[in-house]
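# Structural overview for review
Now for the letters of each chain:
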2 protein chains.
Amino acid sequence: MEINSGYINRLIEELERLPGIGNKSAQRMAYYIVSLPNERVEKLTSAIDNAKKHTHYCKECLTMTDSELCPVCADKQRDHKTIMVVENPRDLAAYEKTGKYRGVYHVLHGAISPMLGIGPADIRLKELITRLEDDVDEVIIATNASLEGETTAMYISKLIKPTGIKVTRIASGVPVGGDIEYIDEVTLLRALEGRVEL
Amino acid sequence: MEINSGYINRLIEELERLPGIGNKSAQRMAYYIVSLPNERVEKLTSAIDNAKKHTHYCKECLTMTDSELCPVCADKQRDHKTIMVVENPRDLAAYEKTGKYRGVYHVLHGAISPMLGIGPADIRLKELITRLEDDVDEVIIATNASLEGETTAMYISKLIKPTGIKVTRIASGVPVGGDIEYIDEVTLLRALEGRVEL
């Protein structure tokens, strides 16, 4: 017998469409939400509404922000001649957490994936090229170390090299604290190829 | 530099309060939500609002439903003299999916947990006892096979036995398809104790 109420089922369906949420998690979240006091539910829905309403792309780097320029692009102390290219705002946030990177960013909002039919025109590459008309010293490509990320890195590097701007790629290898015996072969080979002199 | 927009941070905080959602999942969901078209976001928030507004406890078994009685309790064909006691509506849904159980349910909305300070008065036990004043043949205790579930099962069985109503507990043992060598010792012992003649 279909036992969930129709309204709970609708909510479960909506939650399941979120990334990384399977049916079991969606059920757990849905039952939790309906058991919350009204004010907690209202906080959740207004957080969603407000985030949606007030968030848009940074005019410069295209990350998500609630002002015209994101805090990084608005910061005159940052090195605006060094642009790190990332796939999405979460990757930008991850690098920003290191607190060591002093340049600015460019968010592609995706990666080239022939398998998924995502081509160069489907990510924010045109905007990157436009930014290169300003005074830029280096473009650091920090797309993921996945097939899509590597394809995108190759494509961008070929695109930029003729301009004479330096193009670099973040290193790929054994993660810090990584146990050699548990690391996959491709990564081990990559680490070997990328070895540096001590 | 704190890079997420304030509104996105508020949303991440709210999402993190949901069960099973860590910071990384919350970030992923938040960025996904703000990148959705308006009508999709509206579908999500109205699904939340509607589920919250229209869902309440079934008058009989206390599961979540949008009518006075849940479909099981409203069904005259079901055996209303057999009550299966479960911890929450998700467990009820899981048993209902088997399609084989013909009795009705009682949802405790929790389990006794001295560690978390949850006592018998904090779960819906009083309502179960009241239901036993009607004509009931058997109470099947289907709380989890965890410390809290077992404690709750013991407590309920002691409470009901004096009334003369039959009290049973669902079997605990090796799950179907389970590989003996990967099953923990407690489960293996439980399976041995609960062995049945062939």
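Note that the structure is a prediction, hence the values are computed from the model and not measured. (Residues numbered from 1 in each chain as written. Chains lettered and ligands numbered in written order. Predicted model: local features only at pLDDT ≥ 70, side-chain atom pairs only at ≥ 80, totals over all residues. Heavy atoms only, no water.)

### Some details on helix 7 (residues 147-160) of chain A
Three or four residues apart is the spacing at which side chains of an α-helix point the same way, because the helix has 3.6 residues per turn. Residue and element names in this part refer to chain A. Which entries qualify depends on this criterion: Counting from the N terminus, the helices are DSSP H or I runs at least four residues long and the strands are E runs at least two residues long. A helix is expected to span 1.5 Å multiplied by its residue count minus one. Throughout this description, buried means an accessible area under 20% of the type-specific maximum (1.4 Å probe, protein chains only), exposed means over 50%, and partly exposed covers the range between. The arc in question is the one traced by the directions running from the helix axis out to the C-beta atoms. By definition, residues are in contact when any of their heavy atoms lie within 4.5 Å.
With 14 residues, helix 7 should cover 20 Å at 1.5 Å per step; its first-to-last C-alpha distance of 20 Å lies within 8% of that length. Of all the positions in helix 7, only G149, E150, T152, A153, I156, S157 and I160 are classed as buried. When helix 7 is viewed along its axis, its buried side chains cluster within an angular range of 160° and face the same direction. Facing away from the buried side of helix 7 by more than 90 degrees, the exposed set consists of L147, M154 and K158. Where the residues of helix 7 are buried, they touch strand 3 (79-86), helix 6 (125-131), strand 5 (138-141), strand 6 (166-169) and helix 8 (185-193).

### A short note on the domain arrangement of chain A
For clarity, the threshold we go by: Each domain span listed reflects an automatic or database assignment of domains.
Along its sequence, chain A is organised into domain 1 (6-54) and domain 2 (64-197). Measuring from the centre of the C-alpha atoms in domain 1 of chain A to the corresponding centre in domain 2 of chain A gives 33 Å.

### Some thoughts on the environment of B:S172
Residue and element names in this part refer to chain B. Our working rule: Here a polar contact means two N or O atoms within 3.5 Å. Within protein one must be a hydrogen donor candidate and the other an acceptor candidate, and residues neighboring in sequence count only if both atoms are side-chain atoms.
Along the polypeptide, S172 turns up in the loop between strand 6 (166-169) and helix 8 (185-193). Separated by 92 residues in sequence, S172 and H80 have C-alpha atoms that sit 25 Å apart. If near-sequence neighbours (up to four positions away) are discounted, S172 is found in contact with A145, R190 and A191. In terms of polar contacts, S172 uses its side chain to reach the side chain of R190, at 3.3 Å.

### Things to note about the sheet that holds strand 6 of chain B
Residues and elements named next belong to chain B. Worth spelling out the cut-off: For two strands to be treated as a pair, DSSP must find at least two bridges joining them. Every angle, taken between N-to-C directions, lies between 0 and 180 degrees, and every axis is a line fitted to C-alpha atoms, over only the stretch in contact when it is a helix.
One open sheet accounts for four strands, arranged 4-3-5-6; its pairing is parallel. Pairing within the sheet leaves two strands with one partner each, and these edge strands are strand 4 (103-107) and strand 6. On average, each strand axis in the sheet is inclined to that of its neighbour by 25°, with strand direction left out of account. Bridge count between strand 3 (residues 79-86) and strand 5 (residues 138-141): four bridges; the pairing is parallel. Paired with I83 across the strands is V139, a residue of strand 5. Where helix 5 (residues 89-98) meets the sheet, it contacts strand 3 and strand 4, and its direction lies at approximately 160° from that of strand 4.

### What to know about the confidence of the model for chain A
Applied cut-off: The predictor reports its confidence for every residue as pLDDT, a score running from 0 up to 100.
When pLDDT is averaged along chain A, the result is 91, and 97% of the positions lie at 70 or above. Scored as a whole, the predicted complex attains pTM 0.77, and scored at its interfaces, ipTM 0.77.

### Side note on a negative patch on the surface
Spelled out, the test is: In this analysis, a patch consists of residues with relative accessible area above 30% that form no salt bridge, clustered at 9 Å for like charges and at 5 Å for the nonpolar side chains Val, Leu, Ile, Met, Phe, Trp and Tyr. Areas reported here follow the Shrake-Rupley algorithm with a probe of radius 1.4 Å; residue values treat only the protein chains shown as occluding. We define a salt bridge as a side-chain nitrogen of Lys or Arg found within 4 Å of a carboxyl oxygen belonging to Asp or Glu. Counted charges follow a simple rule, with Lys and Arg positive, Asp and Glu negative, and His plus the chain ends left uncounted. The atom standing in for a charge is NZ when the residue is Lys, CZ when it is Arg, CG when it is Asp and CD when it is Glu.
Together, A:E39, A:E42, A:D49, B:E39, B:E42 and B:D49 make up a negatively charged patch on the protein surface. Breaking the negative patch down by element, the ones donating at least two residues are helix 3 (38-54) of chain A together with helix 3 (38-54) of chain B. Looking at the secondary structure, you find A:E39 in helix 3. The class for A:E39 is exposed, based on a relative accessible area of 55%.

### Re the relation of the copies chain A and chain B
Note the cut-off: Superposing copies: least-squares fit, C-alpha atoms only, residues required to have pLDDT of at least 70 in both.
Least-squares fitting of chain A to chain B yields an RMSD of 0.0 Å, with the transformation described by 0.0 Å of translation along the axis and a rotation of 180°. The symmetry that links the two subunits is that of a two-fold axis. Within chain A, the C-alpha atom positioned nearest to the axis of rotation is that of A:T45, 2.8 Å from it. The fraction of interface residues of chain A whose copies in chain B are also interface residues reaches 100%, indicating that both copies meet through the same surface.

### Notes on the pattern of salt bridges
For the structure on display, the rule yields 20 salt bridges over all chains. For A:E150, the salt bridge goes to A:R169, with nearest N and O atoms at 3.4 Å. Taken together, the positions of A:E150 in helix 7 and A:R169 in strand 6 put the pair 19 residues apart, joining distant regions of the chain. By relative accessible area, which is 29% here, A:R169 ends up partly exposed. B:E13 is the salt-bridge partner of B:R10, the closest N and O atoms lying 3.0 Å from each other. Of this pair, B:R10 and B:E13 both sit in helix 1 (residues 6-16), three residues apart, roughly one helical turn. Overall, the relative accessible area of 35% leaves B:R10 in the partly exposed class.

### Considerations on unusual backbone geometry
All names here are of chain A. Phi at L62 takes a positive value of approximately 70°, unusual for a residue other than glycine. Topologically, L62 is positioned in the loop between strand 1 (56-57) and strand 2 (64-65). On the basis of relative accessibility, which here comes to 7%, the residue L62 falls in the buried class. For H109, which is not glycine, the phi torsion reads 55° and is therefore positive.

### Let's talk about the interface of chain A and chain B
What counts is decided by this rule: Buried area adds together the accessible area that both of two parts lose upon being put together, with accessible area traced by a 1.4 Å probe. Polar here means any residue other than Ala, Val, Leu, Ile, Met, Phe, Trp, Tyr, Cys and Pro, which are nonpolar, and Asp, Glu, Lys and Arg, which are charged; Gly is therefore polar.
At the interface, 55 residues of chain A touch 56 residues of chain B. Together chain A and chain B conceal approximately 5400 Å² of surface at their shared face, both sides included; 70% is due to carbon and sulfur atoms. Taken together, the connections running from chain A to chain B amount to zero salt bridges. Ranked by residue count, the leading element in the side of chain A that touches chain B is helix 3 of chain A, at 13 residues. The residue inventory of the side of chain A that touches chain B, partitioned by class, reads 28 nonpolar, 12 polar and 15 charged.

### Here we look at the packing of helix 2 (residues 23-35) of chain A against helix 5 of chain B
How two helices pack is summed up by the angle between their axes together with the distance between the axes. Quick note on the threshold: To sort the angles, those under 35 degrees are grouped as roughly parallel, those over 145 as roughly antiparallel, those from 65 to 115 as roughly perpendicular, and the leftovers as oblique.
Put simply, helix 2 of chain A and helix 5 of chain B touch, their axes get as near as 10 Å, and they point 135° apart. With respect to their mutual orientation, helix 2 of chain A and helix 5 of chain B come out oblique. Residues A:Q27, A:R28 and A:Y31 of helix 2 of chain A pack against B:P89, B:R90 and B:K97 of helix 5 of chain B. Of the residues contributing to the contact of helix 2 of chain A with helix 5 of chain B, the split by class is two nonpolar, one polar and three charged.

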